Amino acid sequence: MPYSREHKQQSRARILQSAYRLFSTRGFDNVTVDAVMQDCSLTRGAFYGHFRSKSELYKEALKFAALNSKLADRQPEGLSPREWLSQLLDGYLSIEHVAGDRPCPLAFLATDIVSRNKETHETYAHVYSRMNQLILDYAGKHSGTNEQDILSLTSMIIGAVAVSRTIEDKQLVQQILSSCRQQARVILGGI
């Protein structure tokens, strides 16, 4: 009996979610297709029903994670762009985010992306550009923030999360995140 379109979409989402979680904690080279499929409780055959290769899975998992990160959330009704941007910033530069609560692929895959193919690099660059545009859209509504300011900001916060993931000293991680929140608020006109 053929599977419904909804079932196929759910299977694909389960594979992508498992793949991203494994890639972001272990890196591309330390994750096998079998490990992903075991993690999401599907068969190897199901993998090939959705993807041609592990490289394609990696690229698609990156896009999936970006679409499901906190930055992809819509601005809630009742919050101004300024308040929403402040909440996003606080969430991004939090211990919970560093620990993996809806992790941003830009920070969690930053070092692993370097050794991937050109198509994956382009996907990463596209996700990064979208992040910049989203923040510029929110920030531009209340401050004189320009594209250069946003590039500085996003590079800083992505780097802060990436570095914080490698440090075991929780007090130092808190200091890094706190100092970046302060600097980000300066860049964004004092939010």
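Use the structure listed above.
Let us look at the structure shown here. (Residues numbered from 1 in each chain as written. Predicted model: local features only at pLDDT ≥ 70, side-chain atom pairs only at ≥ 80, totals over all residues. Heavy atoms only, no water.)

1. Focus: the overall build of the protein
Convention followed: Helix numbers and strand numbers start at the N terminus; a helix is a DSSP run of H or I with at least 4 residues, a strand a run of E with at least 2. Between the two quantities, the radius of gyration covers C-alpha atoms and the globule rule is 2.2 Å times the number of residues to the power 0.38. Burial status follows relative accessibility: with a 1.4 Å probe on protein chains alone, a residue under 20% of its type maximum counts as buried, one over 50% as exposed, and anything between as partly exposed. Per-residue and other accessible areas follow the Shrake-Rupley method at a 1.4 Å probe size, with only the shown protein chains counted as cover for residues. Charged residues are defined narrowly, with Lys and Arg counted positive, Asp and Glu counted negative, and His plus the chain ends left uncounted. Just so you know, the charge point we use is NZ for Lys, CZ for Arg, CG for Asp and CD for Glu.
When helices and strands are tallied, the protein shows 11 helices and 0 strands. Computed over its C-alpha atoms, the radius of gyration of the protein comes to 18 Å, within 12% of the 16 Å expected for a compact globule of 191 residues. The dimensions of the protein, computed from C-alpha atoms along their principal axes, are 55 × 40 × 30 Å. For the protein, with 191 residues in total, the buried portion stands at 41%. Just so you have it, the protein exposes about 10500 Å², and 49% of that area is on carbon and sulfur atoms. Both charge centroids of the protein, one from 23 positive and one from 20 negative side chains, sit 5 Å from each other.

2. Thoughts on the environment of Tyr 48
As for its position among the elements, Tyr 48 is in helix H3 (residues 44-48). Each C-alpha atom of the pair Tyr 48 and Leu 89 lies 38 Å from the other, and the pair is 41 residues apart in sequence.

3. Looking at helix H11 (residues 170-187)
Short version of the rule: Given a helix with a known number of residues, its expected span is that number minus one, times 1.5 Å. In this description, the arc belongs to the directions extending from the helix axis to the C-beta atoms.
The first and last C-alpha atoms of H11 sit 26 Å apart over 18 residues, in line with the 26 Å expected at 1.5 Å per residue. Of the residues making up H11, those classed as buried are Val 173, Ile 176, Leu 177, Cys 180, Ala 184 and Ile 187. Each buried residue of H11 lies within a common arc of 90° when the element is viewed along its axis, so the set occupies one face. In H11, those exposed residues whose orientation departs by more than 90 degrees from the buried face are Gln 171, Gln 182 and Val 186.

4. Observations regarding unusual backbone geometry
The bulk of non-glycine residues show a negative phi, and the bulk of peptide bonds are trans. In this structure, Ser 41 is a non-glycine residue whose phi angle is positive, near 60°. Counting through the fold element by element, Ser 41 comes out in the loop between helix H2 (33-39) and H3. Relative accessible area serves as the criterion here: at 59%, Ser 41 is assigned to the exposed category.

5. Brief notes about empty space enclosed by the protein
The cut-off we apply is this: The definitions used throughout rest on a 1 Å grid laid over the protein atoms alone, on which a cavity is an enclosed set of points accommodating a 1.4 Å probe that cannot get out and a pocket is an open set flanked by protein within 12 Å on both sides along at least five of seven lines; lining residues are those having an atom within 4 Å of a point. Grid points are joined across faces, edges and corners, and a volume is the space filled by probe spheres set on the points. The classification used treats Ala, Val, Leu, Ile, Met, Phe, Trp, Tyr, Cys and Pro as nonpolar, Asp, Glu, Lys and Arg as charged, and all other residues, Gly among them, as polar.
Under the counting rule described, the total for this entry stands at 2 cavities of 30 Å³ or more. Space inside the largest cavity adds up to approximately 60 Å³. Taken together, Leu 71, Leu 85, Leu 88, Leu 89, Tyr 92, Met 131, Ile 135, Leu 153, Ile 157 and Leu 188 form the lining of the largest cavity. Where the lining of the largest cavity is concerned, the elements lending two or more residues are helix H5 (81-92), helix H9 (118-140) and helix H10 (147-164). If you tally residues by element for the lining of the largest cavity, the top one is H5, at 4 residues. Residue classes in the lining of the largest cavity are distributed as 10 nonpolar, no polar and no charged. Taken as a whole, the second largest cavity encloses approximately 40 Å³ of empty space. In terms of lining residues, the second largest cavity is bounded by Ser 69, Lys 70, Leu 71, Gly 91, Tyr 92, His 97, Arg 102 and Cys 104. By residue class, the composition of the lining of the second largest cavity is 3 nonpolar, 3 polar and 2 charged.

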